[in-house]
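Coordinate analysis (summary)
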Amino acid sequence: MRVAVPLGRGEKAALRAGIVLETSETLDLPKGVACKTVCWPLEEQPVLTGELLALAQDLALRQALNPGHILGHVLPQGLRITRVQLRLVNEKGATSWPLARIRGADEGTRRHLAQALAQGEARLLPPGTDAASEEFCVLRVDPPWPVRPSASRQIELLEYLQEHGSVSRRNLTRALGQGTGVPLQSLLSAGHVALTRQDAEDEVEAVEQGLLPPPPAPFVLNDDQAAALNEMKTALETAQTEKRAVSRLLYGVTGSGKTAVYLELARACLAAGKSLLLLAPEVALAYKLRRDAACALPEIPLFFHHGYQSPARREATYRQLAVRQEPCLVVGTRSALFLPVPHLACVVLDEEHDASFKQDESLAYQAKEVAWFRMAQKNGLLVLGSATPDLKTFHAAEGGHLPVLRLPRRVGGRDLPPVELVDISSLSPAATTEHGLLAPQSEQALQEVISRGEQAVVLLNRRGYAPLMYCLDCGRTLRCPQCEIGLTYHKGREKLVCHYCGYSRPFPSPCPECKGMNFLPMGEGTERLAERLSVLAGGPVLRLDRDSTRRPGRMEEILAAFARQESPILVGTQMLSKGHHFPNVTLAVIADGDLGLNLPDYRAAERTFQLLVQSSGRAGRGDKPGQVLIQTRDVSHYCWQYVREADYEGFYAAELARRKLRRYPPFVRLALIRISHAVEENTAVAAVNDLAAAMRGRAAELGLQLLGPAPAPLALLRGRRRYTCLVKGQDWQAIRALYFFAAAQKYTKNLRLFLDLDPVNML
Ligand SMILES: [Zn+2]
Ligand SMILES: [Zn+2]
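In this text, all values refer to a predicted model and were calculated from it rather than measured experimentally.

Confidence along the chain averages 85 in pLDDT terms, with 93% of residues attaining 70 or more. Ranking the elements of the chain by mean pLDDT puts helix α9 (residues 200-211) last with 50 and strand β11 (residues 275-279) first with 97.

Now for the sheet that holds strand β30 (residues 669-678). Strands sit in the order β31-β32-β30-β33 across an open sheet of four strands; the sheet is antiparallel. Every interior strand has two partners, whereas the edge strands, β31 (705-717) and β33 (752-757), have only one. The average undirected angle you get between the axes of adjacent strands in this sheet is 20 degrees. Where helix α22 (residues 684-702) meets the sheet, it contacts β30, β31 and β32 (720-729), and its direction lies at approximately 150 degrees from that of β31.

As a further point, take the packing of helix α11 (residues 258-271) against helix α12 (residues 283-296). Running from N to C, α11 and α12 cross one another at 55 degrees; their axes reach a closest spacing of 11 Å. The angle between α11 and α12 places the two elements in the oblique class. Every pair of crossing elements has a handedness; the one defined by α11 and α12 is right-handed. Judged by residue contacts, Thr259, Leu263 and Ala266 of α11 engage Leu289, Asp292, Ala293 and Ala296 from α12. A breakdown of the residues in the contact of α11 with α12 according to their chemical character gives five nonpolar, one polar and one charged.

Contact pair helix α15 (residues 391-398) / helix α21 (residues 648-662): the axes reach a minimum separation of 11 Å and the direction vectors enclose 95 degrees. Taken together, the axes of α15 and α21 are roughly perpendicular relative to one another. Between α15 and α21, the contacting residues are Leu391, Phe394 and His395 on the first element and Tyr652, Glu655 and Leu656 on the second. Its residues assigned to classes, the contact of α15 with α21 comprises four nonpolar, one polar and one charged.

What follows concerns the sheet that holds strand β3 (residues 40-41). Read from one edge of the open sheet, three strands run β2-β1-β3, paired in antiparallel fashion. Looking at the sheet topology across the chains shown, the edges are occupied by β2 (14-19) and β3.

Considering the arrangement of structural elements, one finds Lys243 in the loop between α10 (223-242) and β10 (246-252). Judged by the 8 C-beta atoms lying within 10 Å of it, Lys243 falls in the exposed class. Separated by 137 residues in the primary sequence, Lys243 and Gly380 place their C-alpha atoms 8.4 Å from one another.

With twelve residues, helix α14 (residues 367-378) ought to run about 16 Å at 1.5 Å a step, and its terminal C-alpha atoms sit 16 Å apart, in line with that. Those residues of α14 not exposed but buried are Ala367, Lys368, Val370, Ala371, Phe373, Arg374, Met375 and Lys378. Of the surrounding elements, those touching the buried residues of α14 are α1 (50-63), β11, β14 (344-350), β16 (365-366) and β17 (381-386).

Moving on, we get to the domain arrangement of the chain. Parsing the chain into structural domains produces domain 1 (2-46 + 80-125), domain 2 (136-196), domain 3 (223-413), domain 4 (419-467 + 523-660), domain 5 (472-516) and domain 6 (669-757). Placing a centre on the C-alpha atoms of domain 3 and another on those of domain 4 gives a separation of 28 Å. Tallying the contact residues gives 14 residues for domain 3 and 17 residues for domain 4. Contributing elements (two or more residues each) for the side of domain 3 that touches domain 4: α12 and α15. At four residues, the largest contribution of residues to the side of domain 3 that touches domain 4 is made by α12.

What follows is about the nonpolar core. Soluble globular proteins tend to pack their nonpolar side chains together in the buried interior. Within the largest apolar cluster, 149 residues are counted, with the highest numbers of intra-cluster contacts made by Ala266, Leu278, Leu381, Ala456 and Val458. In terms of residues, this core owes the most to one element, α11, which gives eight residues. Leu381 has contacts with Met232, Ala235, Leu236, Ala239, Val246, Arg248, Ala345, Cys346 and Met375, leaving out every residue within four places of it along the chain.

The omega torsion of the bond from Pro665 to Pro666 falls at 5 degrees, within 30 degrees of zero and hence cis. We note that Asp758 has phi near 50 degrees; this positive angle belongs to a residue other than glycine. Look at Asp758 and you get partly exposed, because 17 C-beta atoms sit within 10 Å.

Counting buried positions along β14 yields seven of seven residues, so the element is predominantly enclosed. Pairing geometry for β11 and β14, over five bridges, is parallel. For Ser275, the partnering residue across the bridge sits in β14 and is Leu344. Here β14 pairs with β17 via five bridges, running parallel. The residue of β17 that forms the bridge with Asp350 is Gly385.

Procedures and definitions
Residues numbered from 1 in each chain as written. Chains lettered and ligands numbered in written order. Predicted model: local features only at pLDDT ≥ 70, side-chain atom pairs only at ≥ 80, totals over all residues. pLDDT = per-residue confidence, 0-100. Helix = DSSP H or I, 4+ residues; strand = E, 2+ residues; numbered from the N terminus. Pairing = 2+ DSSP bridges. Axes fitted to C-alpha atoms, helices over the stretch in contact; angles between N-to-C directions. Contact = placed C-beta atoms within 7 Å. Parallel < 35°, antiparallel > 145°, perpendicular 65-115°, else oblique. Left-handed = near helix turned anticlockwise from the far one by under 90°. Nonpolar A, V, L, I, M, F, W, Y, C, P; charged D, E, K, R; others polar. Buried ≥ 20, exposed ≤ 12 C-beta atoms within 10 Å, placed from the backbone. Expected span 1.5 Å × (residues − 1). Domains from an automatic or database assignment. Core = buried A, V, L, I, M, F, W, Y, C linked by C-beta atoms within 7 Å.

Encoded structure:
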């Protein structure tokens, strides 16, 4: 249960939301610790179930954090604060008791109020929300901004909305300070920004229903699908009767109809009085799953949850589910795992190999582990689905820990499209000439597709116009002052942006080194590629990346426009590679196939393989045969032979042998200990060295292999010097022990340490 507790000294102590983990009759306090009285409960019925509390405590233990830290991240914002009032209603009238007033009341009054609450004469109500929190500002235009360059406050507002999506007026004032009223009013009158009474998402969702490509026709499961479904239903029954969680891997080639199996499983679950949680790795796919679910199962109660919804929306979903008695279907992204879903008996993770299922900012957790923990609580079924499973998942499957259900054929019996490699080692990587990233062969293929009236997707995993800006006067490239990383040119926004810390400066503006004004954009991002291809297409080319989809509803609009064939070409980043289904697409061009191969990450080949096989799966999903072209500078890389055949199992065997040789997961446990300090901290370098020496000794005692600390691949980020230690061992316990040892050293005073178990991001 959530309660309000005073935190701080004396009368002025602030009230904070606390969560009662357990109660005890006796008091056994450590020396020097005094007790305070709980001020007041924040709810009549606990919204946080015992199972979620157990989950938070388990995560806390595993991540070496305290449970409060975990709960602070997984509870919706509105449930983390002490916003409540007591409303007392009897025949003499109604009185309101805000927390501050209850706190100031004498013992007798408080006892009286508590009695009233217990007897149902009083209710705990969230206080009325103010208008400024309920009115949301939504962007209506894309950059470049149609306002005078001198209107800096307006531009600031537009930039902020571009960055954050829909924002309440209250939060806008909070973020940008007082004096936003006048510029906001001008933007509203000009129609550049709109104000919506309700959460903008409602409107977006209504619009989106009409905009997404039409849902697939009602389906009948083919034999493979039906067999997989039956297996899952049996597994779930077994789990519940034998009181132990079970898991299955649904391994099906791209286009084999995994979604249809999930939805039928949901139908079966609900018919048996159980809830199912269906998770996608990212928001775009979650939208699509929800739409498919709503079409296929219109009779089933459906909840939708993702991290980009407004706090108010997420809180409402949380509260609804907390009091709900009946089973339901919940579709969402990884954070939906922390919702109090009633009668939860099954969790499905679609595209389970996706790195987005691991969260590594602020609170590190792997969704697969959390899902398994929840199923263990409920004796439920965990389903992992993928065309290119995570190597570790498949390894577990081979070891017999995770039974595999196979969908070896595409729905409708279509073949996977042929994959061809295009050698671009002779093309200039700078792409400054009129010929960009695309080889003549690729342009030729695009040309043919356009002339046949068909469509193509072009994938380039690099957003912006040009990844580097070169000063012709002093010969330097412009770099981020905080990270020393090249700034990416965004033409539409007229800005140079650091993709790692978000630093930006207007462009054109004089070179910070030599004040020169002659620049050459080097290389090619999605923005420039789309611009180039519009010549070929004879009209604007659609583009899907994080920049073009900032505005709420934009992603759906772009996908719908492409489905309506408003442009023959869609250029996009890896956002484009998954899940989407465009029957008229017959060609997929991957402009820079090796972009991921050279990253300092032991999973580089696996990631590249997954991305390319997923992308290849976008072509030839309709009646016409498809074709895939992958451009590469390194045609001899071992990964290609498997990509060409979409031979997951061949790749798996080769990659596994490599990892065994080099001692990488799944053969060892791997963790990163990240160390960083502020650049100006000049004693810190010595401290890192001392710490390193101490850690090496301890690691040897614990039987761990310790590499580093070495400067991180991104050695300078947001003004902090970064180091990483790679730790390999046979169990997590020893790795945690090393981390605790390091954190307790006296050298760490000015250092920041962070433990990342099984990291997905090695930078
Ligand atoms: Zn210069
Ligand atoms: Zn930066």
